[in-house]
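The residues making up each chain are set out below.
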Amino acid sequence: MLLVDDEPLLLEVSKLYIEQHFHMNVTTAESAADALEKIRKSTFDVVVSDYQMPEIDGIAFLKMIRKTTPFLPFILFTGKGREEVVIDAINHGATFYMQKGGEPKAQYAELSHKIHRAVDQCRSESALRETNDVLNAILAASPNGIALVRERTLQWVNDSLARMLGYSPADLVGMHLCRLYENEETYRQIAGQIVSDLKETGRSKVTTRFLHRRGFAIDCEIHIAPLDRGNLHFGHMIMMNDISRKLAAARELKNIAAFPHLEITPVIELNINGRITYFNDAAIEALVECGNGARLESFIPKDIREILADIDRAVLHSVHRTVKVGLAEFRVHVTLSSRFRIARISAIHTGKRPEEGS
């Protein structure tokens, strides 16, 4: 602890008594300026300061400390009948105050008690701040849209959610959820489902559509959990994913799959880096039939890099190539989707069969 007083004799006596009876390490300073220099160079758990000191009094000293070390515990000694000083000290962040006078033993005991309380409180608050900082960093960095909702109004949102909806976080805070829905009927229906789920299971998952700031709708998958299951009015955390692309891809693949030949012939999908992300059973059956040297990669044209480099030329376009799978020849149809950044390869056997024993 750092003990500050402009009376050297009192400082020395206090230091000896506190160290001997309460087993604390005490550093002393005879002025606020001296104390500030010591705080700059060292770390202290608590500052105990006299109020009436020349040049810089205890309140002015407290104000200076709060500018650089806002959470450092500070206990102010005041004279009797200085209520206005006490109020000023509390208003400027003093942890505790004590009035001078009375029996020394009792006063030092009270001071020791206040020091321990101040230090324990500071450490608890520091741990809580650290936990909150970590949590806030995780929420802010999450690619998922995350928000705090109270009374169906957004209280806090992360950048990911704001970007999904085309707003800034500041624009969304204070916005009622009803404004994000396409119409009031959908809002009431989804709100009713969420309340029912929360009462029954304590969690809810809904799929709905939110309006982007520019006016178009996006498909959303939203997970909702209450902050307090016993009091649903206390607030909820929501996590939202934009599943518009996922649903559109599913619809597109469903349309492609409507062609019968795609269901019975080898099909392989690649991502923009040329990595296989999907293959069907027909592709495996073809590999078995074609024998040695046949691999899934055999269905991929040798110039696939050049083909993929052209993926942004149109929304959906295709090229044809001839490849060898083992000793069999296939005509492959490569369909590129710039929207979903995938290449879909469908292969048709040209009629040439692998040699016997291959």
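Chemist: I'd like to hear about the side chain of lysine 114, residue by residue, with values.
Modeler: Inspection of the secondary structure assignment puts lysine 114 in helix H5 (residues 104-141). Here lysine 114 is in contact with Ile75, Phe96, Tyr97 and Met98, once residues within four sequence places are set aside.

Chemist: Summarise the pattern of salt bridges; cite the residues concerned and give the values.
Modeler: All chains considered together, the criterion is met by 17 salt bridges. Linking lysine 100 and aspartate 50 is a salt bridge whose minimum nitrogen-to-oxygen distance equals 2.7 Å. Of the two residues, lysine 100 is situated in the loop between strand S5 (96-99) and H5 and aspartate 50 in strand S3 (residues 47-50); the sequence distance between them amounts to 50 residues. Of the residues examined, aspartate 50 reaches a relative accessible area of 5% and is grouped as buried. A salt bridge links aspartate 219 to arginine 209, with the shortest nitrogen-to-oxygen separation between them at 3.4 Å. On the criterion of sequence distance, the pair formed by aspartate 219 in strand S9 (residues 217-226) and arginine 209 in strand S8 (residues 204-211) is long-range, its members being 10 residues apart. Owing to a relative accessible area of 36%, arginine 209 belongs among the partly exposed residues under this scheme. Counted as one network, the salt bridges with shared partners bring together Asp5, Asp50 and Lys100.

Chemist: I'd like to hear about the state of the cysteines, residue by residue, with values.
Modeler: Enumeration over the complete set of coordinates arrives at zero disulfides. Unpaired in this structure, cysteine 178 has its nearest cysteine sulfur neighbour in cysteine 220, at a distance of 15 Å.

Chemist: I'd love a proper account of the sheet that holds strand S10 (residues 236-242), names of residues and values included.
Modeler: Spatially, S7-S6-S10-S9-S8 is the arrangement adopted by the five strands of the open sheet, whose pairing is antiparallel. Whereas interior strands pair on both sides, the edge strands pair on one side only; in this sheet they are strand S7 (153-157) and S8. With direction set aside, neighbouring strand axes in the sheet form an average angle of 35°. Two elements, strand S6 (residues 145-150) and S7, share four bridges in a ladder whose sense is antiparallel. Counted as the bridge partner of leucine 148 is tryptophan 156 from S7. Along the sheet, helix H8 (residues 184-201) contacts S8, S9 and S10; its crossing angle with S8, the most-contacted strand, is approximately 160°.

About the cut-offs
- Residues numbered from 1 in each chain as written.
- Predicted model: local features only at pLDDT ≥ 70, side-chain atom pairs only at ≥ 80, totals over all residues.
- Heavy atoms only, no water.
- Helix = DSSP H or I, 4+ residues; strand = E, 2+ residues; numbered from the N terminus.
- Contact = heavy atoms within 4.5 Å.
- Salt bridge = Lys/Arg side-chain N within 4 Å of Asp/Glu carboxyl O.
- Buried < 20%, exposed > 50% of the residue type's maximum accessible area, 1.4 Å probe, protein only.
- Disulfide = S-S within 2.5 Å.
- Pairing = 2+ DSSP bridges.
- Axes fitted to C-alpha atoms, helices over the stretch in contact; angles between N-to-C directions.

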